[in-house]
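Take a look at the letters that make up each chain.
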Amino acid sequence: MAKAAAKKAAKAQAAAKSTYQPIIAAVVLWYAAIRLYYKQGERVHYYALGGCLLVYYFTLPMAIEASVAPEGSITGYFFDVMVLTLFTQTLSTYTDKAWYILLIVPAFGVFKAGSAWFGKLSSSAAKSAEPEDEAPAGGPKKERKPKRKTMKSR
């Protein structure tokens, strides 16, 4: 059984690798052909290409790992970063403003950290507050909703 699961995982990883690598190569070649060659890119565009290649270098192995990782694993975030970088690099062949899309990643990190911090604050505040044990006036019975009148059609 363990060998069958290992073979299935290896097959899924090979399928993911054979899917992701050509897509990354196509986007990088598209960016290099259009932005650097056709539009005569400035120095900043070469830095952007190097940065994207660096992001792909770190996220591609983890994205391949995400194909067999359990749900909720951190490797799924690496796949999201890779796809976001691919999308941004594709759009940036047409406009420089597309690089602002990558600000989603640190904004999400700040959101997660803030929600964890405020969650701890709210849970500690809830523990210190006295619980309210007041029962509703009607007792345990549910309140009845008024029945709707139906209109007769002609």
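(A) Structural view of helix H2 (residues 43-66). Here H2 spans 34 Å end to end across 24 residues, near enough to the 34 Å set by a 1.5 Å rise per residue. Its maximal kink placed at threonine 59, H2 deviates by approximately 35°, while the proline proline 61 follows within four residues. All of the buried residues along H2 are His45, Ala48, Leu49, Cys52, Tyr56, Thr59, Leu60, Ala63 and Ile64. In this structure, the buried residues of H2 make contact with helix H1 (2-38) and helix H3 (75-91).

(B) Region of the structure containing the packing of H2 against H3. Where H2 contacts H3, the two axes come as close as 8 Å, and the packing angle between them is 145°. The way H2 lies across H3 gives a crossing that is left-handed. For the pair formed by H2 and H3, the contact residues are Leu49, Cys52, Val55, Tyr56, Phe58, Thr59, Leu60, Met62, Ala63, Glu65 and Ala66 on the first element and Thr75, Gly76, Phe78, Phe79, Val81, Met82, Thr85, Leu86 and Gln89 on the second. Its residues assigned to classes, the contact of H2 with H3 shows 14 nonpolar, five polar and one charged.

(C) A look at H1. When the terminal C-alpha atoms of H1 are compared, their 52 Å separation across 37 residues agrees well with the 54 Å that a helix rising 1.5 Å per residue should span. Those residues of H1 not exposed but buried are Ala16, Tyr20, Ile24, Val27, Val28, Tyr31, Ile34, Arg35 and Leu36. On the buried face of H1, the contacting elements are H2 and H3. Two residues or fewer after H1 comes glutamine 40, characterised by a positive phi angle close to 50°.

(D) Representation of the packing of aromatic side chains. Counted according to the given criterion, the structure contains six aromatic pairs. Ring centres 5.9 Å apart and planes at 45° place the aromatic pair tyrosine 77 and phenylalanine 108 in the tilted group. Taken together, the residues span a long stretch of sequence, with tyrosine 77 in helix H3 and phenylalanine 108 in helix H4 (residues 104-128) at a distance of 31 residues. Judged by its relative accessible area of 40%, tyrosine 77 falls in the partly exposed class. Of the residues examined, phenylalanine 108 reaches a relative accessible area of 38% and is grouped as partly exposed. Ring geometry for phenylalanine 108 versus phenylalanine 111: centroids 6.4 Å apart, planes at 35°, classification tilted. Of this pair, phenylalanine 108 and phenylalanine 111 both sit in helix H4, three residues apart, roughly one helical turn. What makes phenylalanine 111 exposed here is its relative accessible area of 55%.

Parameters and conventions
In this convention, every chain numbers its residues from 1, walking through the sequence in written order. Side-chain atom pairs in this predicted model are given and counted only at pLDDT of 80 or more, local residue features only at pLDDT of at least 70, and totals for whole chains, interfaces and linings cover all residues. Side-chain figures throughout are based on the complete set of non-hydrogen atoms in the structure, without hydrogens or water. A run of DSSP states H or I qualifies as a helix once it reaches four residues; a run of E qualifies as a strand once it reaches two. Both are numbered from the N-terminal end. Take the residue count of a helix, subtract one, and multiply by 1.5 Å to get its expected span. The seven residues ending at a residue and the seven starting there each receive a fitted axis; the angle between those axes is the bend at that residue. Burial classification: accessible surface area is computed with a 1.4 Å probe over protein chains only, and a residue below 20% of its type maximum counts as buried, one above 50% as exposed, and the rest as partly exposed. Contact between two residues is taken to exist if any of their heavy atoms lie within 4.5 Å; hydrogens are not considered. Between N-to-C directions, angles cover 0 to 180 degrees, with each direction set by a line fitted to C-alpha atoms, over the stretch in contact for helices. Crossings are sorted by hand: turned counterclockwise from the far helix by less than a right angle, the near helix makes the crossing left-handed, and turned clockwise it makes it right-handed. Basically, the charged four are Asp, Glu, Lys and Arg, the nonpolar ten are Ala, Val, Leu, Ile, Met, Phe, Trp, Tyr, Cys and Pro, and anything else, Gly included, counts as polar. Think of it this way: a Phe, Tyr or Trp ring, Trp meaning its six-membered ring, pairs with another when their centres are within 6.5 Å, and the plane angle makes it stacked under 30 degrees, edge-to-face over 60, tilted otherwise.

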